[in-house]
Amino acid sequence: MTTDPLRLMTTPAPDLTPGQAADLVRERYALPGSATPLDSERDRNFRYEAKDGREFVLKISNAAESPAVLDFQARALDHIAHTAPELPVPRIEPGSDGELLQAADLPGGRSLVRLVSYLPGVPVGDVPSTPQLRRHLGATLAALGRALQGYFHPAARHPLLWDVNQTAAVSPLAAHIEERRGRELAERVFARHAARGEEALAALRAQVIHNDFNPDNVLVNAGDPERVSGIIDFGDMVHAPLVNDLAVLAAYQIIGHDDALAVLAEIAAAFHAVRPLEPAEVDALFHLVQLRLATSVAICAWRAREHPDNVDYILGGHLRAIERLEAIDEREATRVLRRELGLPVARQPHGEGGHGDNGDNGDGDAGLRERRRALLGPGLSLTYDEPLHIVRGEGVWLYDAAGRAYLDAYNNVACVGHCHPVVTEAIARQSRTLNTNTRYLHEHILDYAGRLGARLPGDLSVCFFVCTGSEANDLAWQMARAVTGGDGAIVSRNAYHGNTTAVAAFSPEELPERRTPAWVATVPAPDVYNGPFRGEDASARYAASLDEAIAALSDRGHRPAAFFVDTIWSSDGIFAAPAGYLEDAWQRVRAAGGLCVADEVQAGFARTGDHFWGFELQGVVPDIVTLGKPMGNGHPLAAVITTPEIAERFARDFEYFNTFGGNPVSCAAGLAVLDVIEHEALQENARATGGYLREALGELQSRHAAIGDVRGAGLFAGVELVRDRETREPAPAVARAVMNGMRGEGVLVGRTGLADNVLKIRPPLVFTRQHADRLVEAMDRVLAGVRFETAAG
Ligand SMILES: Cc1ncc(COP(=O)(O)O)c(C=O)c1O
């Protein structure tokens with residue numbers, strides 16, 4: 001997938017006449033028309049006028065360009081068209097075969113070809129730079145970044161000279177700057193960057209960015225030259241710190257301005273108004289602007305032999321801008337930027353040992369803990385020995401009040417990534433339109449119920465919308481009792497199904513055993529690593545334990561109404577059950593008159609990768625399904641889905657109404673989540689990345705004796721820690737130390753299981769292999785350092 005960035009710069013552009021270009025379009029797109037050449041740095045581009053009146057740009061990529069990178073760019077345009085259709089970016093025209101990219105064998109080698117809509121307009125570089133235009137540039141770039149926020153692609157971190165993460169490849173090119181003073185200026189910027197260390201960039205929030213918002217790549221209409229009307233070149237996109245996108249824009253905009261800092265502040269404020277910047281990002285901005293200018297100068301000087309004409313002109317403007325910035329004290333600049341953006345002005349903005357202010361308005365985490373205890377009571381515990389003060393989330397990242405980023409490998413609720421813009425936008429849009437209860441006709445609830453039903457097998461098609469998983473299980477329990485006439489519940493030994501009075505009674509994880517009522521019976525979870533049954537007949541023996549539970553209920557005067565199963569057994573320790581277990585178990589429950597309820601609050605919504613629902617891992621069809629957590633990506637949304645027959649029998653005695661359940665805003669959120677899962681192929685990502693993660697954890701197991709077992713499905717993994725691999729004795733203290741140690745490493749995982757010795761890993765589904773690598777590396781380091789809790793002591 002990789003492209004050698006230097007080779008890319010030196011391989012000649014594909015050689016093609018306008019006539020040949022037109023033939024190519026006619027052949028691949030069935031669009032007769034004519035082509036006129038356009039300028040391009042390393043590709044061959046044509047303006048194409050189709051006979052049907054539409055206008056396009058035909059882009060024939062350099063043969064040295066990686067197909068994966070081009071795919072990354074093509075899909076990005078498609079992504080933006082979906083997440084922010086109002087943004088003026090080109091739309092990609094698929095070929096007659098439906099493919100966005102067309103391969104063509106040309107004299108210079110095999111090139112990939114794209115046809116994108118032509119955006120009319122004048123480059124920003126050709127119109128006067130006014131404050132209003134600059135502000136609109138800042139705001140538009142912020143909106144573009146927001147549109148790209150949830151976009152991931154394996155090629156997003158490709159080698160690229162223009163990538164701020166890869167300046168090590170660019171800094172030596174500064175030697176090509178002939179004029180001594182200019183060379184020294186650029187080298188000083190690179191040296192300063194090297195001294196700051198890689199971690200300075202790594203700590204900033206990163207995502208796919210445009211990375212080249214220069215005055216040639218942004219268009220305005222001649223009649224309205226202060227508003228952006230087009231963004232046209234996505235060839236330098238890369239996964240990098242978000243704030244670098246702003247630095248690139250600002251670097252070009254300050255050229256030629258005496259008051260560079262004022263221009264920078266103006267653009268940053270406009271960006272900030274649309275997409276709030278972190279204090280740490282603001283603190284890095286001034287330096288990143290200088291770095292971009294130095295990068296441009298170095299690359300331009302290196303390429304001078306090929307394009308000697310405008311080198312002096314480019315170098316002159318850029319070097320003067322660097323010089324102007326050099327004259328400003330960076331700390332002072334950062335103070336000005338923070339003030340302009342309305343952020344607290346730090347005493348020590350950054351630099352040696354300074355981390356900026358912690359944004360906690362002087363209260364401090366200890367103060368928050370005290371207030372929390374007083375205002376929320378002592379019962380609500382905090383995760384981690386050193387609790388986190390999280391103030392923002394984005395994708396797989398959570399940020400604390402000091403701006404530190406944490407890789408979130410724990411929160412399944414934000415299933416499509418924290419604050420996914422498609423979801424937040426859907427919620428915001430519908431909240432501005434209408435939010436009311438479900439006793440009025442409305443399309444959203446029906447569209448959503450239809451979409452959920454279409455995802456479920458059998459007759460599971462009637463939806464009851466509620467707000468929490470507990471409510472869903474409570475309603476499922478009411479239904480099961482009403483429909484079967486039974487009053488007994490069966491659950492797994494350490495199950496958790498919720499917090500209502502009824503459901504808490506069959507959630508043994510949170511209930512002392514002595515308080516379990518007589519109408520509840522438990523069965524062991526299908527744990528073939530550390531449970532009572534292992535080996536070949538484990539499935540049948542676990543299923544047979546249902547008979548014992550049914551008999552125990554009967555001895556106490558109860559008949560089963562339902563067997564509730566969390567289909568990934570999250571609180572029991574995370575298991576993918578042995579084949580055939582649920583089919584056998586459910587047969588026994590149904591024979592005793594009970595219903596089978598699949599609690600998909602944990603496992604549902606594509607997490608298990610091979611399937612959309614956890615119960616599908618076992619090839620069974622439940623009578624009732626309950627949904628929650630990931631359903632609204634954080635918006636409180638949950639549901640019960642059952643068959644028309646059960647719904648009809650329940651309705652004979654009860655009318656179920658829920659004031660907030662199924663309101664138009666919740667349904668808009670739920671629909672957006674389904675859209676994102678489908679559009680971003682997150683089920684496939686859960687399958688592939690989950691497999692990769694478990695494989696890497698398995699490799700870790702071969703080096704760390706504390707890891708007894710690695711298991712799970714898709715992006716739901718359990719790592720069982722033991723004191724002794726032979727006896728499999730649980731090691732809860734090690735699990736606790738690893739969980740806290742990983743928090744220290746900036747990676748968030750949880751812990752679960754009957755003995756609390758299983759690390760729980762269930763990240764947002766936008767988790768990539770790079771994230772998995774980071775998690776495994778952190779776990780490796782932590783396990784190497786944890787004082788080992790052995791059976792001997
Ligand atoms: C399997 C399962 N079911 C139900 C619930 C209850 O959901 P909620 O907390 O939304 O009420 C939970 C919560 O953790 C759960 O894990």
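A. Just the overall build of the protein chain, in detail. Across its full length, the protein chain holds 24 helices and 27 strands. Taking 793 residues into account, the globule formula puts the C-alpha radius of gyration at 28 Å, and the protein chain, at 29 Å, falls close to it. Along the first, second and third principal axes, the C-alpha atoms of the protein chain reach 95 × 65 × 50 Å. Within the protein chain, the fraction of its 793 residues that count as buried is 56%. The long-range share in the protein chain, meaning contacts at least 24 apart out of those at least 6 apart in sequence, stands at 73%. Approximately 32,500 Å² of the protein chain is accessible, and the part contributed by carbon and sulfur atoms is 50%. Looking at charge distribution, the protein chain has the averaged site of its 77 positive side-chain charges lying 3 Å from that of its 105 negative ones.

B. Representation of the site of the ligand. In the vicinity of the ligand, the contacting residues are T468, G469, S470, N473, Y496, H497, G498, D566, D599, V601, Q602 and K629. With respect to the ligand, the side chain of D599 contributes an N or O atom lying 2.7 Å from a nitrogen atom. Within the side chain of Q602, one N or O atom sits 2.7 Å away from an oxygen atom of the ligand. Taking 390 Å² as the accessible area of the ligand by itself, protein coverage stands at 83%. With three residues, helix α16 (residues 469-484) is the single largest residue contributor to the shell around the ligand. Grouping the amino acids of the shell around the ligand by side-chain chemistry returns two nonpolar, seven polar and three charged.

C. Structural detail: the pattern of salt bridges. In total, this model carries 41 salt bridges according to the counting rule given. With a closest N to O distance of 3.8 Å, R432 and E425 form a salt bridge. Its relative accessible area of 30% is what places E425 among the partly exposed residues. In this structure, a network of salt bridges that share partners links the residues R205, R275, E278, E281, R392 and E394.

D. Structural context of empty space enclosed by the protein. Throughout the structure, instances matching the rule amount to five cavities of 30 Å³ or more. Here the largest cavity is characterised by a volume of approximately 90 Å³. Around the largest cavity, the lining residues are Q149, F152, R205, A206, Q207, H239, E394, G395, V396, W397 and Y399. For the lining of the largest cavity, the residue count by class is five nonpolar, four polar and two charged.

E. Broad picture of the nonpolar core. Membership of the largest hydrophobic core comes to 102 residues, with the highest contact counts inside it found for Y581, L697 and L775. Looking at which element gives the most residues to this core, the answer is helix α21 (residues 664-679), with nine residues. In contact with L697, other than residues within four places in its own chain, are I707, V710, A717, V719, I761, L775, V776 and M779. By size, the runner-up hydrophobic cluster in this structure holds 95 residues, among which are L87, L185, F190 and C300.

F. Highlighting the packing of α16 against helix α20 (residues 644-653). It is at 9 Å that the axes of α16 and α20 come closest, and there the two elements cross at 80 degrees. Relative to α20, α16 is oriented roughly perpendicular. Across the interface between the two elements, L475, Q478, M479, A482 and V483 of α16 pack against I646, R649 and F650 of α20. Residues that form the contact of α16 with α20 fall into these classes: six nonpolar, one polar and one charged.

G. Inspection of the packing of helix α22 (residues 682-701) against helix α24 (residues 769-785) at higher detail. With their axes 10 Å apart at the nearest point, α22 and α24 run at an angle of 20 degrees to one another. As the angle between them shows, α22 and α24 are arranged roughly parallel. As for how α22 packs across α24, the hand of that crossing is right-handed. Where α22 approaches α24, its residues A688, T689, Y692, L693, A696, L697 and L700 are matched on the opposing element by R769, A772, D773, L775, V776, M779, D780 and L783. The class makeup of the residues in the contact of α22 with α24 is 11 nonpolar, one polar and three charged.

H. Fine view of the side chain of S507. Along the polypeptide, S507 turns up in the loop between α17 (501-505) and β17 (520-523). Apart from residues no more than four positions distant in its own chain, S507 is found in contact with A495, Y496, H497 and G498.

I. Spatial organisation of the sheet that holds strand β12 (residues 390-394). As summarised here, the arrangement of the four strands in space is β12-β13-β14-β25, forming an open sheet in which the pairing is mixed. Two strands close off the open sheet at either side, each with one partner strand: β12 and β25 (747-748). Of the pairings in the sheet, the one linking strand β13 (residues 397-400) to strand β14 (residues 405-408) comprises three bridges and is antiparallel in character. Within β14, the residue paired with Y399 across the bridge is A405.

J. Seen up close, α21. For α21, spanning 16 residues, the distance from its first C-alpha to its last is 22 Å, which sits close to the expected 22 Å at 1.5 Å a residue. Within α21, 13 of the 16 residues are buried, which leaves it mostly tucked inside the rest of the structure. Capping the start of α21 is the job of one residue whose side-chain oxygen sits 2.9 Å from the backbone nitrogen of V665: N663. Looking one or two places after α21, you find A681, whose phi comes out positive at around 50 degrees.

K. Region of interest: the confidence of the model for the protein chain. Averaged over every residue, the pLDDT of the protein chain is 91; the share at 70 or more is 94%. Of the regions scoring below 50 in pLDDT, residues 347-362 engages in 32 contacts with residues more than four places distant in sequence or in other chains.

About the criteria used
Residues numbered from 1 in each chain as written. Predicted model: local features only at pLDDT ≥ 70, side-chain atom pairs only at ≥ 80, totals over all residues. Heavy atoms only, no water. Helix = DSSP H or I, 4+ residues; strand = E, 2+ residues; numbered from the N terminus. Rg over C-alpha atoms; globule rule 2.2 N^0.38 Å. Buried < 20%, exposed > 50% of the residue type's maximum accessible area, 1.4 Å probe, protein only. Contact = heavy atoms within 4.5 Å. Areas by Shrake-Rupley, 256 points an atom, 1.4 Å probe, with all protein chains shown as cover. Lys, Arg positive; Asp, Glu negative; His and termini not counted. Charge placed at Lys NZ, Arg CZ, Asp CG, Glu CD. Near = heavy atom within 4 Å. Polar contact = N/O pair within 3.5 Å; in protein donor to acceptor, adjacent residues only side chain to side chain. Nonpolar A, V, L, I, M, F, W, Y, C, P; charged D, E, K, R; others polar. Salt bridge = Lys/Arg side-chain N within 4 Å of Asp/Glu carboxyl O. 1 Å grid on protein atoms, 1.4 Å probe; cavity = no way out; pocket = protein on both sides within 12 Å on 5 of 7 lines; lining within 4 Å. Points joined across faces, edges and corners; volume = space filled by probe spheres on them. Core = buried A, V, L, I, M, F, W, Y, C linked by side-chain atoms within 4.5 Å. Axes fitted to C-alpha atoms, helices over the stretch in contact; angles between N-to-C directions. Parallel < 35°, antiparallel > 145°, perpendicular 65-115°, else oblique. Left-handed = near helix turned anticlockwise from the far one by under 90°. Pairing = 2+ DSSP bridges. Expected span 1.5 Å × (residues − 1). pLDDT = per-residue confidence, 0-100.

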